[in-house]
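Spelled out from the first residue to the last, the chains are:
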Amino acid sequence: MPPIVTGIIASLLLLINTLFWACLLFPLTFLKVIIPVAPVRKLLTYLLAAVANAWISCNSGWMTLTQKMNWTIERPDNLSRNGWYFVVSNHQSWVDILVLQHTLNRRIPLLKFFLKQELIKVPIMGAAWWALDFPFMKRYSKEYLAKHPEMKGKDLDTTRAACEKFKDMPTSVMNFLEGTRFTQKKHDETGSPFKHLLKPKAGGMAFAMSAMGDQFQSILDVTINYPDGIPTFWDFMQGKMPRCNVVVEEKPIPAELINGDYETDDSYRLHFQQWVQKLWEEKDARLEALRSGQ
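Predicted model, so just to flag it, every value in this text is computed and none were measured. Numbers given to residues run from 1 along each chain, matching the order in which its sequence is written. Two thresholds apply to this predicted model, a pLDDT of at least 70 for residue-level local features and 80 or more for giving and counting side-chain atom pairs, whereas whole-chain, interface and lining totals are computed over all residues. Only hydrogens and water are set aside; all other atoms, that is, all heavy atoms of the structure, feed into the side-chain values.

1. Side note on a nonpolar patch on the surface
- On the surface, a nonpolar cluster with roughly 820 Å² of combined accessible area is contributed by Met1, Ile4, Val5, Ile8, Ile9, Leu12, Leu13, Ile16 and Trp234.
- For the nonpolar patch, the element with the highest residue contribution is helix H1 (residues 3-34), accounting for seven residues.
- Helix numbering and strand numbering both begin at the N terminus, where a helix is a DSSP run of H or I of at least 4 residues and a strand a DSSP run of E of at least 2. Relative to the elements of secondary structure, Leu12 occurs in helix H1. To count toward a patch, a residue needs a relative accessible area over 30% and no salt bridge; like charges are then connected within 9 Å, while nonpolar side chains (Val, Leu, Ile, Met, Phe, Trp, Tyr) are connected within 5 Å. Surface accessibility follows the Shrake-Rupley procedure with a 1.4 Å probe radius. Residue values consider only the protein chains on display as shielding. Counted as salt bridges are all cases of a side-chain nitrogen of Lys or Arg within 4 Å of a carboxyl oxygen of Asp or Glu.

2. A look at the packing of aromatic side chains
- Ring geometry is summarised as follows: Phe, Tyr and Trp rings, the Trp one being its six-membered ring, pair when their centres sit within 6.5 Å, and such pairs are stacked at plane angles under 30 degrees, edge-to-face over 60 and tilted between the two. As enumerated under the stated definition, the model contains five aromatic pairs in all.
- Here Phe86 and Phe216 contribute two aromatic rings whose centre-to-centre distance is 5.3 Å and whose plane-to-plane angle is 85°, an arrangement assigned as edge-to-face. With Phe86 in strand E2 (residues 85-89) and Phe216 in the loop between helix H8 (202-212) and strand E7 (218-225), the pair connects residues that are 130 residues apart, well separated along the chain.
- Accessible area is worked out with a 1.4 Å probe on protein chains only. A residue is then buried under 20% of its type maximum, exposed over 50%, and partly exposed in between. On the basis of relative accessible area, Phe86 is assigned to the buried category, the value being 0%.

3. Here's the deal with the packing of H1 against helix H2 (residues 38-66)
- What counts as an axis is a line fitted to C-alpha atoms, over the stretch in contact for a helix, and the angles between N-to-C directions run from 0 to 180 degrees. Direction vectors running N to C along H1 and H2 enclose 175°, while the axes themselves pass 10 Å from each other. With respect to H2, the axis of H1 lies roughly antiparallel.
- Class assignment of the residues belonging to the contact of H1 with H2 gives a composition of 18 nonpolar, seven polar and two charged. Roughly parallel means an angle under 35 degrees; roughly antiparallel means over 145; roughly perpendicular covers 65 to 115; every other angle is labelled oblique. Following the grouping adopted for this structure description, the nonpolar residues are Ala, Val, Leu, Ile, Met, Phe, Trp, Tyr, Cys and Pro, the charged ones are Asp, Glu, Lys and Arg, and the polar ones are all others, Gly among them.

4. Quick notes on the environment of Leu12
- Among the residues examined, Leu12 registers a relative accessible area of 46% and is labelled partly exposed.
- Sequence-wise, Leu12 and Val276 are 264 residues apart; in three dimensions their C-alpha atoms are separated by 40 Å.

5. Observations regarding the pairing of E7
- When you tally the buried positions in E7, you get eight out of eight residues, the bulk of the element.
- Residues Ser218, Leu220, Val222 and Ile224 line one face of E7 and the alternating positions Ile219, Asp221, Thr223 and Asn225 line the opposite face, and both faces are buried.
- Sheet topology note: the E2/E7 ladder contains five bridges and is parallel. Paired with Val87 across the bridge in E7 is Leu220. DSSP calls a pair of strands paired once it identifies at least 2 bridges connecting them.

6. So, the layout of surface pockets
- Only protein atoms enter the 1 Å grid, on which a cavity is a set of points fitting a 1.4 Å probe that cannot get out and a pocket is an open set with protein on both sides within 12 Å along at least 5 of 7 lines, lining residues being those with an atom within 4 Å of a point. Grid points are joined across faces, edges and corners, and a volume is the space filled by probe spheres set on the points. Of the voids in this model, the largest pocket is the one considered here, and its volume is about 740 Å³.
- In terms of lining residues, the largest pocket is bounded by 26 residues, among which Trp55, Ile97, Gln101, Met125 and Trp129 are the most central.
- Of all the secondary-structure elements, those providing two or more residues to the lining of the largest pocket are H1, H2, helix H3 (95-104), strand E3 (111-113) and helix H4 (125-131).
- Broken down by element, the lining of the largest pocket gets its largest block of residues, six residues, from H1.
- Per-class residue counts for the lining of the largest pocket are 23 nonpolar, three polar and no charged.
- Taken as a whole, the second largest pocket holds about 640 Å³ of empty space.
- Along the walls of the second largest pocket sit 19 residues, with Phe114, Lys116, Asn175, Phe176 and Gly179 positioned nearest its centre.
- When contributions to the lining of the second largest pocket are tallied by element, the ones reaching two or more residues are strand E4 (115-116), strand E6 (172-176) and H8.

7. What about empty space enclosed by the protein?
- Taken as a whole and judged by the stated rule, the model has one cavity of 30 Å³ or more.
- Of the voids in this model, the largest cavity is the one considered here, and its volume is about 50 Å³.
- Forming the boundary of the largest cavity are Asn53, Ile56, Leu100, Gln101, Leu104, Asn105, Arg106, Ile108, Pro109, Leu110 and Leu111.
- Ranked by residue count, the leading element in the lining of the largest cavity is H3, at three residues.
- Residues that form the lining of the largest cavity fall into these classes: seven nonpolar, three polar and one charged.

8. Some details on the sheet that holds E6
- With mixed pairing, six strands are arranged side by side in an open sheet as E1-E8-E7-E2-E6-E3. Since the sheet does not close on itself, it has two edges, and those belong to strand E1 (70-74) and E3, each with one partner. Pairwise comparison of adjacent strand axes, ignoring direction, gives a mean angle of 25° for this sheet.
- The pairing of E3 with E6 spans three bridges and is parallel. Each bridged residue has a counterpart across the sheet, and for Leu111 the counterpart in E6 is Ser172.
- Each of E2, E6 and E7 touches H8; the most contacted strand, E2, lies at about 175° to it. Whether two residues touch is decided by their heavy atoms; if any such pair falls within 4.5 Å, the residues are in contact.

9. Overview of helix H10 (residues 266-292)
- In a helix, the anticipated span is given by 1.5 Å times the number of residues less one. The end-to-end C-alpha distance of H10, which contains 27 residues, comes to 39 Å, matching closely the 39 Å that a straight helix rising 1.5 Å per residue would cover.
- Every buried residue belonging to H10 is among Tyr268, Phe272, Trp275, Val276, Leu279, Trp280, Lys283, Asp284, Arg286, Leu287 and Leu290, and all of these are buried.
- Among the structural elements, E2, H8, E7 and strand E8 (243-251) are those in contact with the buried residues of H10.

10. Looking at the environment of Lys165
- Relative to the helices and strands, Lys165 resides in the loop between helix H6 (154-163) and E6.
- For Lys165, a relative accessible area of 36% puts it in the partly exposed group.

Below, the structure is given as structure tokens:
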């Protein structure tokens, strides 16, 4: 089948799948917004997560039908849908999201991203993210805190409060430490010391650890490799991504990294940055091994 035809069929299947599950997701979201009763909201949260997981499963279905791709996936056998995980990954393409969901869906709880507080105002999707219990972060700049010292620590308190519900509900939180997609141009402009990665940004992860680090049982370190070159989303939809390597490693969270103050504790910040640096060095070596063996 010509790539353009494959792309059109895959795009239609993605659209139909999204619209179908949205018809279930948004009514449940509306109910959760208007019903203040905690037990009912908890039930609706489970139903919403089930809808989201079903949507992702169907995405994997149309991907299998339209993308004749050779997946090579290594992951632990003991992953649990009842666990609490902090997931990190390298970031090269918007395709990464589909790859991560395909790799981890129904093996761990639904992947959730820390979002800026302002994003809750996004029409429709803001309510959906809220309903799915995506944690919203309220962060103040150093300049703001210098003018309003009474607000120091308030952003962390807000995030901790948003994460309170995760104590009783298994959760997976996702973070792309590079903060943006890898390109050779960005790599060269930023002077990255890594061969296949951009410099990691430790601040967001440290903030999440400060908010709910003691709730995570481990870190899932995901490495994504595209042996035939980094695909665009349209490349993927056209079936032009014949191979994909994914390695998932479960790692313990060092106790000294939990509940620290990244913004004001210089010693903690340096320790956290050194730990992330080592994590990225290992990932860079893993990517080099994957690409050397392809």
